[in-house]
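Notes for the structure review
Each chain, written out:
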Amino acid sequence: MCGRYGFIRSPEELRQQWGRLRIVGDFPPSYNRAPGQIHPVVRQAPDLSLELVPMRWGFLPGWSTRTHIRPINARVETVATQPLFRQAFRARRALVPADWYFEWPSVAEARDKYPMLLRPKDHRILAFAGIWDQRTTAEGTAEETFAILTVPALPALQHIHDRMPLVLDRHHWPIWWHPHARRAHLESCFQPANIPWESVAVSPRVNRTRYDGPEAILPWDGVKPS
């Protein structure tokens, strides 16, 4: 799964690596991005250009009145058929830029969980596959929300967790953005990009969403915080 991640690059650096983007909003860096917060997301605009926009992490379809149900992940195995997600998957796909993500391995008989940071060895910007939707709040304002798609973890990462974010290889982007693509076309995108990964244990302070600074990605010395 993916419950925390980091993205600290500027919109200009993202545009240099990903190509022409219309930037809508202000995007401060964050080392420890959490659900419920506003994060940058790349989507296709009505004119088929790409734009970087702010969205809240925690998906809520426009038709839903159950605002307390806001899943942060959607499984690729069911995203095209599950009622909560299928309309967005059909028409509102997105990319979520990230530098790394955090995972909490399950350790038998361990009371506490300790985070691991996972990132590409070449430190490229990752493109997490996502879906998004828009709704009108009770106050009459528009709210856009997103979820990150997950897949079974690559063999090299399965010892940490059995699932991972779906990282799209760049050659899959054209079909991902294609406005008329259907599930049969998109299934080729469901295999995560086969890139070299590195992992490092980081401080348990990462468990707190407010722990958001360069120290969040430093290797942990094994000393529990007081």
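So, here is what we can say about the structure in this document. Residue numbers run consecutively from 1 along every chain, following the written order of its sequence. Residue-level local features of this predicted model are given only where pLDDT is at least 70; pairs of side-chain atoms are given and counted only at 80 or more, and the full residue set underlies all totals for whole chains, interfaces and linings. To obtain the side-chain values, all non-hydrogen atoms of the structure were used and water was disregarded.

1. Some points on the pattern of salt bridges
Pairing of side chains with opposite charge becomes possible as their charged atoms draw close. We count a salt bridge whenever a side-chain nitrogen from Lys or Arg sits within 4 Å of a carboxyl oxygen from Asp or Glu. Following the criterion strictly, the structure yields 13 salt bridges and no others. Here R56 makes a salt bridge to E143, at a shortest N to O gap of 3.2 Å. Of this pair, R56 sits in strand β5 (residues 50–57) while E143 sits in strand β11 (residues 142–152); the two residues are 87 residues apart in sequence, bridging distant segments of the chain. Of the charged contacts, one joins E77 and R163 as a salt bridge, the two residues approaching to 2.9 Å between their closest N and O atoms. Of this pair, E77 sits in the loop between β6 (73–75) and α2 (86–91) while R163 is found in strand β12 (residues 163–165), placing the two residues 86 residues apart along the sequence. Accessible area is worked out with a 1.4 Å probe on protein chains only. A residue is then buried under 20% of its type maximum, exposed over 50%, and partly exposed in between. The class of R163 is buried, set by a relative accessible area of 8%. Each helix is a run of H or I in the DSSP string that is no shorter than four residues. Each strand is a run of E no shorter than two, and both are numbered from the N terminus.

2. Examining the sheet that holds strand β9 (residues 116–120)
One open sheet accounts for 5 strands, arranged β3-β1-β8-β9-β13; its pairing is antiparallel. Either end of the sheet is taken by a strand with one partner, and the two such strands are β3 (30–33) and β13 (197–201). Mean inter-strand twist for the sheet, computed between neighbouring axes without regard to direction, equals 25 degrees. As paired elements, strand β1 (residues 4–7) and β3 share 2 bridges and run antiparallel to each other. If you follow Y5 over to β3, its bridge partner there is R33. Should DSSP find at least two bridges between two strands, the strands are regarded as paired. The axes are straight lines fitted to the C-alpha atoms, using for helices just the contacting stretch, and the angles between their N-to-C directions are given from 0 to 180°.

3. Considering the pairing of β1
Side chains of β1 alternate between two faces, with R4 and G6 and Y5 and F7 buried alike. Relative to strand β8 (residues 100–103), β1 runs antiparallel, the two sharing 3 bridges. Pairing of G6 across the sheet is with W100, part of β8.

4. Looking at the packing of aromatic side chains
Pairs were defined over the aromatic rings of Phe, Tyr and Trp, the Trp ring being its six-membered one, requiring ring centres within 6.5 Å. Orientation was assigned from the angle between planes: stacked under 30 degrees, edge-to-face over 60, tilted for the rest. Applying the stated criterion across every chain, the model contains 11 aromatic pairs. Relative to W57, the ring of Y5 has its centre 5.3 Å away and its plane inclined at 70 degrees; by these criteria the two rings are edge-to-face. Of this pair, Y5 sits in strand β1 while W57 sits in strand β5; the two residues are 52 residues apart in sequence, bridging distant segments of the chain. Judged on exposure class, the residue Y5 and its partner W57 are both buried.

5. Concerning the nonpolar core
Only buried residues count toward a nonpolar core. Its members are Ala, Val, Leu, Ile, Met, Phe, Trp, Tyr and Cys residues joined through side-chain atoms within 4.5 Å. Counting residues in hydrophobic clusters, the biggest one holds 60 residues, and the most contacted among them are Y5, F128, I131, W176 and W197. Contacts between residues were defined by any pair of non-hydrogen atoms, one from each residue, lying within 4.5 Å. Not counting residues within four places of it along the chain, the set of residues in contact with F128 comprises C2, Y5, A94, L95, V96, A98, Y101, I148, P165, L166 and V167. In terms of nonpolar packing, the next biggest core, distinct from the first, is built from 11 residues, F102, L117, V202 and V206 among them.

6. Points about the side chain of R43
The topology assignment puts R43 in strand β4 (residues 38–44). Assessed through its relative accessible area of 12%, R43 is described here as buried. Only 2.8 Å separates the side chain of R43 from the side chain of E51, close enough to count as a polar contact. Counted as a polar contact is a pair of N or O atoms within 3.5 Å, where, for protein atoms, one must be capable of donating a hydrogen and the other of accepting one, and residues adjacent in sequence contribute only when both atoms are in side chains. At 2.7 Å, the side chain of R43 and the side chain of E144 are in polar contact. Beyond its immediate stretch of four places on either side in the chain, R43 contacts S49, L50, E51, V53, M55, R93, W132, E144 and W177.

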